Amino acid sequence: MPDAPHPLPQHAPMTQFAVSHGELMPGGERLTTLAARVGQTPFYAYGRSQLRQRITELRQTLPPKIRLHYAMKANPMPALVGFMAGLVDGLDVASAGELKVALDTGMSPKQISFAGPGKRDAELRQAVAAGVLVNIESFREVDVLAQASQTLGLPARAAVRINPDFELKSSGMKMGGGPKPFGVDVEQVPTLLANMGRAGLSFEGFHLYPGSQSLQAEAICEALQQSFDLAVRLSQHAPDKVRVLNLGGGLGVPYFPGDKPLDLKPIAEQLERLLQLGQAQLPQATLALELGRYLVAEAGIYVTRVVDRKRSRDQVYLVADGGLHHHLAATGNFGQVLRKNYPVAIGNKMDAPASQVTTVVGPSCTPLDVLAERLLLPEAQVGDLVVVFQSGAYGASASPHQFLAHPPCVEVLV
Ligand SMILES: *Cc1c(COP(=O)(O)O)cnc(C)c1O
């Protein structure tokens, strides 16, 4: 007997937004009404209840002692960051610009930390003046922080971002292990710690961030263990007790056909184990995760209107008013090696049968501007609303808005 054909890999079901009378209901509002209220397409909409839901799930699953930070670079929209500030235990910023948005939320500077390569002198001074924790990523930063602390007459709160000697396996973007511009190599950390002690910086702990977008719980658990072990080992060289151990995160979300949502259970168990070990080995330390994508990606949609519908040879094209210039990642141009489709729907025809193999492209004059390639969708017409799911992270702020001088997009929190 011939083998049964392999079923094509499918997108994980996108059930985070309700559907009513054939329309997606972000914020409990019909998509067509929301589009009218926003006053234009394209736009991004981020759902408060989806954001809250995600954090509730994490709090219910992870040990209560684990602190949850939001890494703002995933989505720095001020209204969203303000909303998140009320739900998480800390905000992580990657520039002075993000620091301003974080402070504007009213979050205490005690709960804000600043990581990233190439922090300019002025940014480090701003961080000291604000009283936020700086994750040190080079020997130069020690000196600049000490100087700023002296001239301002304020303590410089500092942790060391370690470039580990391992990486997060199976992650979409590797951020540690081998030569990296991020953090300080493990081997150099003892010397750096000695310098920090001499410079009079206020040492608070360690930060690691081995990778991003992993959907494999075992790989994340392994990286958490290795990060913890490294911090314990290096704590012997530290000028003071380790009070914070920021373990990064790297938790991923399902974007592409065949991707399965991450199983939090093993991660929760692993964190519980590390908390136990920590009582003996790092007794003063609180353990934190800093998550960007995992907190916000699934709460966001990108909505764009069909401007034209045409056929070329055997292919149906929907040409939309949005695309690569607002949502680089969905077109496969933000770090992906092979282009794959994000989950896409016709947001005002959610109940219609998916009957037509369709390619959705943006208005930019380049073959890179593809939102969906040969995806089975309901038959759509000019004026219909194309929805790209999983769009709450690395969307608007990670896209080349000026490209081709198309109109900007709008972002709303619903
Ligand atoms: C980008 C970044 C994050 C967030 O990563 P996600 O994959 O979005 O969770 C967290 N910490 C640091 C240091 C980062 O650079």
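This is a predicted model, so every value here is computed, not measured.

Below, the discussion takes up the nonpolar core. In this structure, Tyr70, Met196 and Phe206 are the most contacted members of the largest nonpolar core, which totals 113 residues. For this core, the element with the most residues is helix α8 (residues 217–235), which contributes 11 residues. When residues are assigned to domains, this core turns out to be shared by domain 1 (18–46 + 297–413) and domain 2 (76–291), each giving three or more. When residues no more than four places from it in sequence are discounted, the contact partners of Phe206 are Ala159, Val160, Ile162, Val189, Leu193, Ala231, Leu234, Ser235, Val242, Val244, Leu245 and Asn246.

This brings us to the pattern of salt bridges. When their charged atoms lie close together, side chains carrying opposite charge are able to pair. With the rule as written, the count across this model stands at 14 salt bridges. Between Asp314 and Arg374 there is a salt bridge, with its nearest N and O atoms 3.4 Å apart. Here the residue Asp314 occupies a position in the loop between β15 (300–312) and β16 (315–320), and Arg374 occupies one in strand β19 (residues 370–377), the gap between them amounting to 60 residues. Residue class for Arg374 comes out partly exposed when judged on its relative accessible area of 46%. One connected set of salt bridges, linked through shared partners, spans Lys119, Glu137, Glu141 and Arg161.

A word on the site of the ligand. The environment of the ligand is formed by 12 residues, the closest being Lys73, Tyr209, Ser212, Glu290 and Tyr394. Lys73 is positioned with one of its side-chain polar atoms (N or O) 2.7 Å from an oxygen atom of the ligand. The side chain of Tyr209 places a nitrogen or oxygen atom 2.5 Å from an oxygen atom of the ligand. Burial of the ligand by the surrounding chains reaches 92%, relative to a free accessible area of 390 Å². Among the residues making up the shell around the ligand, the classes are represented as five nonpolar, three polar and four charged.

For strand β14 (residues 286–291), the buried fraction is high: five of the six residues fall into the buried class. Pairing of strand β4 (residues 67–71) with β14, which is carried by four bridges, proceeds in the parallel orientation. Paired with His69 across the bridge in β14 is Glu290. Strand direction decides the pairing type here: strand β13 (residues 244–246) and β14, joined by three bridges, are parallel. Bridge pairing links Leu245 to Leu287 in β14.

Another point: the packing of aromatic side chains. For any pair of aromatic rings, the description rests on two quantities: the centre-to-centre distance and the angle between the ring planes. Enumeration according to the criterion identifies seven aromatic pairs in this entry. Look at Tyr44 and Tyr302: their rings are 4.8 Å apart centre to centre, the planes differ by 40 degrees, and that puts the pair in the tilted class. Highlighted residues: Tyr44 in strand β3 (residues 43–46) and Tyr302 in strand β15, separated in sequence by 258 residues. Accessibility assignment for this pair places Tyr44 and Tyr302 in one class, buried. Residues Tyr255 and Tyr342 carry aromatic rings whose centres are separated by 4.8 Å and whose planes lie at 35 degrees to one another, so their mutual orientation is tilted. In this pair, Tyr255 is assigned in the loop between β13 and α9 (264–281) and Tyr342 in the loop between β16 and β17 (344–346), connecting sequence segments 87 residues apart. On the basis of relative accessible area, Tyr255 is assigned to the buried category, the value being 4%. Overall, Tyr342 belongs to the buried group, its relative accessible area being 3%.

The omega torsion of the bond from Thr41 to Pro42 falls at -5 degrees, within 30 degrees of zero and hence cis. Turning to its location among the elements, Pro42 is positioned in the loop between α1 (31–38) and β3. Positive phi values are uncommon outside glycine, yet Arg313 reaches one of about 50 degrees. Inspection of the secondary structure assignment puts Arg313 in the loop between β15 and β16.

Axis separation between helix α4 (residues 96–104) and helix α5 (residues 121–130) bottoms out at 10 Å; the angle between their running directions is 20 degrees. The pairing of α4 with α5 is recorded here as roughly parallel in orientation. Note that α4 runs across α5; the crossing there is left-handed. Seen from α4, the contacting residues are Ala96, Leu99 and Leu103; seen from α5, they are Glu123, Gln126, Ala127 and Ala130. Among the residues forming the contact of α4 with α5, the class breakdown is five nonpolar, one polar and one charged.

Domain boundaries in the protein define domain 1 (18–46 + 297–413) and domain 2 (76–291). Each of domain 1 and domain 2 was reduced to a C-alpha centroid, and the two centroids are 34 Å apart. With 14 residues of domain 1 in contact, the opposing surface of domain 2 contributes 11 residues. The largest share of the area that domain 1 buries against domain 2 comes from Lys340, Gln390 and Leu413, three residues that together contribute 34% of it.

This part takes up the packing of helix α2 (residues 48–61) against helix α3 (residues 78–85). For the pair α2 and α3, interaxial distance at closest approach is 11 Å and the crossing angle is 40 degrees. Helix-helix and strand crossings are classified by hand; for α2 and α3 the assignment is right-handed. Contact residues: Arg48, Leu51, Arg52 and Ile55 in α2; Leu80, Phe83 and Met84 in α3. Looking at the contact of α2 with α3 residue by residue, the classes come out as five nonpolar, no polar and two charged.

Parameters at a glance
- Residues numbered from 1 in each chain as written.
- Predicted model: local features only at pLDDT ≥ 70, side-chain atom pairs only at ≥ 80, totals over all residues.
- Heavy atoms only, no water.
- Core = buried A, V, L, I, M, F, W, Y, C linked by side-chain atoms within 4.5 Å.
- Buried < 20%, exposed > 50% of the residue type's maximum accessible area, 1.4 Å probe, protein only.
- Helix = DSSP H or I, 4+ residues; strand = E, 2+ residues; numbered from the N terminus.
- Domains from an automatic or database assignment.
- Contact = heavy atoms within 4.5 Å.
- Salt bridge = Lys/Arg side-chain N within 4 Å of Asp/Glu carboxyl O.
- Near = heavy atom within 4 Å.
- Polar contact = N/O pair within 3.5 Å; in protein donor to acceptor, adjacent residues only side chain to side chain.
- Areas by Shrake-Rupley, 256 points an atom, 1.4 Å probe, with all protein chains shown as cover.
- Nonpolar A, V, L, I, M, F, W, Y, C, P; charged D, E, K, R; others polar.
- Pairing = 2+ DSSP bridges.
- Phe/Tyr/Trp six-rings, centres within 6.5 Å; stacked < 30°, edge-to-face > 60°.
- Axes fitted to C-alpha atoms, helices over the stretch in contact; angles between N-to-C directions.
- Parallel < 35°, antiparallel > 145°, perpendicular 65-115°, else oblique.
- Left-handed = near helix turned anticlockwise from the far one by under 90°.
- Buried area = accessible area lost by both parts, 1.4 Å probe.

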